[in-house]
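# A structural walkthrough
Chain by chain, the residues:
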Amino acid sequence: MTTNATTEPNPSAALSLRDVVKTYDMGAIQVHALRGVSLDIGTNEYVSIMGPSGSGKSTLMHVIGCLDVPTSGTYTLEGQTVAEMSENQLAEIRNEQIGFVFQTFNLIPRVSIFSNVELPLVYAGISRGERKRRAMAAIEKVGLTDRMTHKPNELSGGQRQRVAIARALVCNPSIILADEPTGNLDSKTGAEIMEVLDKLHADGQTIILVTHEDYIARHALRTIRLLDGLIESDVEVAAT
């Protein structure tokens, strides 16, 4: 998909942003992080978002992930207008519809890998038996079945990021939102993590990847570049 051709949200897109503005009040100063961003991302797209520091890419990720709300403009997620949702509804979306993968893994150090992956299902009120089935399936998908009882500090950085991906997958989200997922990893381990994300996309998962590295962005089939809070370019590449 490309940036918007109309002012109306696209009801068939996984998500649509129309003229999204985000302004932060910093005392007497206003910071214009997003200045009118419009785009559609479709189901099973693999998109990278790039831009220099201060371009607005982190703010855009926060808006897409329902971690922040626009100052103005419209954001619809699977046909739902985000601005009309309550805090509880937004929390449900963050837990169940969007799977987050962060640069710093954000794992709970004192509990097992299984418990880390299971946690979103606990918040979602899923029964114990179903939690076990789904957590084990997610851990198997990232190749860590033999590490299920280990704690995060017993794993390598790459293994911890795999756990984070399994946790992001466990609620069967519509979108995986990965923020610099290889930023704390060496290049070899980073390549292994990108192989996991590539396979998830091949299996039908929608993936949005925030990165500042060109070689990481090339895994995606579309790259959106931001500059000064606006979309500078939006380019699709052919699948190889």
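Everything discussed here concerns the structure shown above.
Residues numbered from 1 in each chain as written. Predicted model: local features only at pLDDT ≥ 70, side-chain atom pairs only at ≥ 80, totals over all residues. Heavy atoms only, no water.

## Focus: the sheet that holds strand 10 (residues 230-236)
The sheet built from six strands is open, its strands ordered 6-7-8-3-9-10 with mixed pairing. For this open sheet the edge positions go to strand 6 (98-102) and strand 10, each flanked by a neighbour on one side alone. Each adjacent strand pair in this sheet contributes to an overall mean axis angle of 15°, direction not counted. Relative to strand 8 (residues 206-210), strand 7 (residues 175-179) runs parallel, the two sharing five bridges. Residue pairing for strand 8: leucine 177 is matched across the bridge by isoleucine 208. Along the sheet, helix 1 (residues 57-64) contacts strand 3 (46-50), strand 6, strand 7, strand 8 and strand 9 (222-227); its crossing angle with strand 3, the most-contacted strand, is approximately 140°. Contacting strand 6 and strand 7, helix 5 (residues 157-169) crosses the sheet at an angle of about 170° to strand 6. (Pairing = 2+ DSSP bridges. Helix = DSSP H or I, 4+ residues; strand = E, 2+ residues; numbered from the N terminus. Axes fitted to C-alpha atoms, helices over the stretch in contact; angles between N-to-C directions. Contact = heavy atoms within 4.5 Å.)

## Regarding the layout of surface pockets
Computed from the structure, the largest pocket encloses a volume of approximately 400 Å³. Forming the boundary of the largest pocket are 17 residues, of which Arg94, Asn95, Phe100, Pro120 and Arg167 lie nearest the centre. Residue assignment for the lining of the largest pocket shows that the elements contributing at least two residues are helix 2 (87-96), strand 6, helix 3 (113-123) and helix 5. Taken together, the residues of the lining of the largest pocket sort by class into eleven nonpolar, four polar and two charged. In this structure, the second largest pocket spans a volume of roughly 210 Å³. Residue contributions to the lining of the second largest pocket peak at five residues, all from helix 4 (residues 128-141). The class makeup of the residues in the lining of the second largest pocket is six nonpolar, three polar and four charged. (1 Å grid on protein atoms, 1.4 Å probe; cavity = no way out; pocket = protein on both sides within 12 Å on 5 of 7 lines; lining within 4 Å. Points joined across faces, edges and corners; volume = space filled by probe spheres on them. Nonpolar A, V, L, I, M, F, W, Y, C, P; charged D, E, K, R; others polar.)

## Re the pattern of salt bridges
Evaluated as defined, the whole model comprises eleven salt bridges. For arginine 222, the salt bridge is made with glutamate 45, and the minimal N-O distance between the two is 3.1 Å. Taken together, the residues span a long stretch of sequence, with arginine 222 in strand 9 and glutamate 45 in the loop between strand 2 (29-41) and strand 3 at a distance of 177 residues. For the pair shown, arginine 222 and glutamate 45 are each scored as buried. Where arginine 225 meets aspartate 214, a salt bridge forms, and the shortest distance between an N and an O atom there is 3.0 Å. Taken together, the positions of arginine 225 in strand 9 and aspartate 214 in helix 7 (residues 214-217) put the pair eleven residues apart, joining distant regions of the chain. Within this structure, Glu45, Arg222 and Asp234 form a network of salt bridges that share partners. (Salt bridge = Lys/Arg side-chain N within 4 Å of Asp/Glu carboxyl O. Buried < 20%, exposed > 50% of the residue type's maximum accessible area, 1.4 Å probe, protein only.)

## Observations concerning the packing of aromatic side chains
Each pair of aromatic rings is reported with the distance of its centres and the angle of its planes. On inspection of all chains with the given rule, the structure shows one aromatic pair. Judged by centre distance (5.7 Å) and plane angle (0°), the rings of phenylalanine 100 and phenylalanine 102 are stacked. Under the relative-accessibility criterion, phenylalanine 100 is labelled buried at 12%. Under the relative-accessibility criterion, phenylalanine 102 is labelled partly exposed at 21%. (Phe/Tyr/Trp six-rings, centres within 6.5 Å; stacked < 30°, edge-to-face > 60°.)

Spatial relationships are all this shows, so hold off on functional conclusions.
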